[in-house]
Amino acid sequence: MKKFALIFIGILLCLTLVSCNTPSGYSTDAANNTSPTDTVTDKPTEKVTEPEHTHTATGPWDRDAKKHWQVCEDGEKLNVAAHTFDEESICTVCKSTVDMTDDGEAYVNTYDEQNNLIRYTYYGADGSAISEILSEYAIDADGNYYEKKSTEYDYANSVIYVSEYNEYEDQTARTVTDLDGKVQQKDRFEHEYNDEGEAIWEKTYIDDVLVMEITGYKTYTDGEYSVRFPESVIEYYEDGSKLVTEYNEQGEVGKETSYNADGAVEVSLNYVYEYDAEGNYKSIKTYDGETLIKDSEYAVSADGWSYMAKETEYHADGTKTVREYDENDELIGETKYDDEGNPI
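Computed from a predicted model, the values in this text were never measured in an experiment.

A. Region of interest: the pattern of salt bridges. All told, the structure shown has 12 salt bridges when counted by the stated rule. A salt bridge links glutamate 190 to arginine 188; the shortest N-O distance between them is 2.6 Å. On the basis of relative accessibility, which here comes to 27%, the residue glutamate 190 falls in the partly exposed class. In this structure, lysine 285 and aspartate 295 form a salt bridge, with 3.8 Å as the shortest nitrogen-oxygen distance. In this pair, lysine 285 sits in strand β18 (residues 281-288) while aspartate 295 sits in strand β19 (residues 291-300), placing the two residues 10 residues apart along the sequence. With relative accessibility at 11%, the residue aspartate 295 sits in the buried group. What you see here is one network of salt bridges that share partners, running through Lys294, Glu311, Glu313, Arg323 and Glu334.

Right, here's the structure in full:
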């Protein structure tokens, strides 16, 4: 009996050892005790090292009134240094000039290799940019550079003006936006030229609506001095009315005619000029049709400048007002007269 008892105890010990040492790949659950489970092997996580960013300047030199720098693609400033100027007061690095005022304001101009002004910036005394103009250039058929586009930033008023020009240096388009790029107005300018490349008429459109037309040009020459000016200018208004301004041979306004929306004349003013031997004004008379409504008399100052010394305004009821001015255009006297010429 003791022998069988010892054998039985040994069997129980073996079973206990088997139960306590079940391989990890097998379940002891009765329903799954013959199914192997997925074996997971834990491995240490490898640390991924990001490559270091190499700062590279991607654009031209930027600058303010004191320093210049380049900018990395991530926005970080590189190569920051103070301006160094050559004998022509141009920075040897960023090709800019700096003009400082006594108030601490600054005007900075930047030039390209052809000495074209490509950037102008006006800085306030606190160093902030108040206005800025960026210019782009092209080459005409004769190999000369001309400004084909300018972008003006008016930071004080939050406005951007983008203007385009042709090879005759005439403006052909202008777009007005806010600082976020939202368009506020689009202007267009059309020109026709003669064989000498001179404009012979122009039209101006705002948002594709015709607002002004120049119908031709004249040239006034006085010795070596020469200037071209319009023959007439037509201004068109939203209500359908218009104003036609005609110029005389000296480039002065000779006639102004206002038309209503139906094309009928509302006001027609004529201007008659009288000059002295030096070409200064002696008088300018203004007529409404055939009626004199204003007579402006001029004098010459001690500095040789012509100024309006007396102005007589004639009223429809026969009365008149006479005003006198000094050479600084300050009113020094005014007298009103009745229809019989007596002071009132």
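Now that the structure has been shown, the text picks up again.
B. The arrangement of the packing of aromatic side chains in detail. In total, this model carries eight aromatic pairs according to the counting rule given. Both rings, one in tyrosine 168 and one in tyrosine 193, keep their centres 4.0 Å apart while their planes meet at 25°; by these two values the pair is stacked. You can see tyrosine 168 sitting in the loop between β9 (159-165) and β10 (171-178) and its partner tyrosine 193 sitting in strand β11 (residues 183-193), a full 25 residues away along the chain. With a relative accessible area of 39%, tyrosine 168 lands in the partly exposed category. Each member of the aromatic cluster is reached from another via a ring pair, and the members are Tyr273, Tyr275, Tyr281 and Tyr298. In this arrangement the basic side chain of lysine 77 is found over the ring face of tryptophan 69, its NZ or CZ atom lying 4.0 Å from the centre. Over the ring of tyrosine 259 we find lysine 242, and its NZ or CZ is 5.3 Å from the ring centre.

Reading the values: the criteria
- Residues numbered from 1 in each chain as written.
- Predicted model: local features only at pLDDT ≥ 70, side-chain atom pairs only at ≥ 80, totals over all residues.
- Heavy atoms only, no water.
- Salt bridge = Lys/Arg side-chain N within 4 Å of Asp/Glu carboxyl O.
- Buried < 20%, exposed > 50% of the residue type's maximum accessible area, 1.4 Å probe, protein only.
- Helix = DSSP H or I, 4+ residues; strand = E, 2+ residues; numbered from the N terminus.
- Phe/Tyr/Trp six-rings, centres within 6.5 Å; stacked < 30°, edge-to-face > 60°.
- Lys NZ or Arg CZ within 6 Å of the ring centre and 35° of its normal.

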